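This is what each chain is made of:
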Amino acid sequence: MSMDKYLIEAIAQAKKSLREGGIPIGSVLVREDIVIGRGHNQRVQKSDPTAHAEIDCLRNAGRVGSYQNTVLYSTLMPCYYCAGAVVQFGIKKVVVGEAETFQGAESFMKEHGVKVINLQSDECKQMMREFIKNHAELWNEDIGR
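Described below are features of the structure shown in this document.

**What about helix α1 (residues 5–19)?**
Working step 1: With 15 residues, α1 should reach 21 Å at 1.5 Å per residue; the first-to-last C-alpha distance of 21 Å fits that figure.
Working step 2: All of the buried residues along α1 are Tyr6, Leu7, Ala10, Ile11, Gln13, Ala14 and Ser17. Viewed end-on, α1 has its buried residues packed into an arc of 155°, placing them on one side of the element. With respect to the buried face of α1, the exposed residues turned more than 90 degrees away are Lys5 and Arg19.
Working step 3: For α1, the elements touching its buried residues are β1 (26–31), β2 (34–40), α2 (43–46), β3 (70–74) and α6 (122–134).
Working step 4: The backbone nitrogen of tyrosine 6 lies 2.8 Å from a side-chain oxygen of the residue at the head of α1, namely aspartate 4.
Working step 5: Once α1 ends, the next one or two residues include glycine 21, with phi positive near 90°.

**Things to note about the environment of aspartate 48**
Working step 1: In this fold, aspartate 48 is placed in the loop between α2 and α3 (53–61).
Working step 2: The partly exposed category is assigned to aspartate 48, whose relative accessible area is 22%.
Working step 3: For the pair aspartate 48 and asparagine 60, spaced 12 residues apart in the sequence, the C-alpha separation amounts to 16 Å.
Working step 4: If we skip the residues at most four places from it in the chain, aspartate 48 touches Arg43 and Arg59.
Working step 5: There is a polar contact of 2.7 Å between the side chain of aspartate 48 and the side chain of threonine 50.

**So, the state of the cysteines**
Working step 1: Here the structure, examined in full by the defined rule, presents 0 disulfides.
Working step 2: Cysteine 57 forms no disulfide, and the closest cysteine sulfur to it belongs to cysteine 82, at a distance of 10 Å.
Working step 3: Relative accessible area serves as the criterion here: at 0%, cysteine 57 is assigned to the buried category.
Working step 4: The structure places no disulfide on cysteine 124, whose sulfur is separated from the nearest cysteine sulfur, that of cysteine 57, by 15 Å.
Working step 5: A residue is classified by how much of its surface remains accessible, and cysteine 124, at 1% relative accessible area, is buried.

Definitions and cut-offs
- Residues numbered from 1 in each chain as written.
- Predicted model: local features only at pLDDT ≥ 70, side-chain atom pairs only at ≥ 80, totals over all residues.
- Heavy atoms only, no water.
- Helix = DSSP H or I, 4+ residues; strand = E, 2+ residues; numbered from the N terminus.
- Expected span 1.5 Å × (residues − 1).
- Buried < 20%, exposed > 50% of the residue type's maximum accessible area, 1.4 Å probe, protein only.
- Arc of directions from axis to C-beta.
- Contact = heavy atoms within 4.5 Å.
- Polar contact = N/O pair within 3.5 Å; in protein donor to acceptor, adjacent residues only side chain to side chain.
- Disulfide = S-S within 2.5 Å.

What follows is the structure in structure tokens.
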């Protein structure tokens, strides 16, 4: 089975964050088969607790008018903060690489009419498992533990 081309782009963003010394989570925003925003977690790099991958992606997309026909891709299930942005902006579909290492806010998004698709990517799972194993303190800070 081939991997989704937009998840591949989100993974590239996650790897960019890792190379920069950050948390390996990446995101892309797609409209009509065109990537209109890319982002990666930059909490460490910018010393900014709000610089999550999905938020960075939305910031980089800029003002796009309506989000009705967009799809947000993320390597990891969005947290409640990022899920709130999804709901607030009316993004109706979120595709994630995995939710095994972090369950996130899937039920919250679904309760608000967002279609959530989990691709259960082995690459995403392995990337997060390795990061959590090697940087548990940083990961726990990221998820508020």
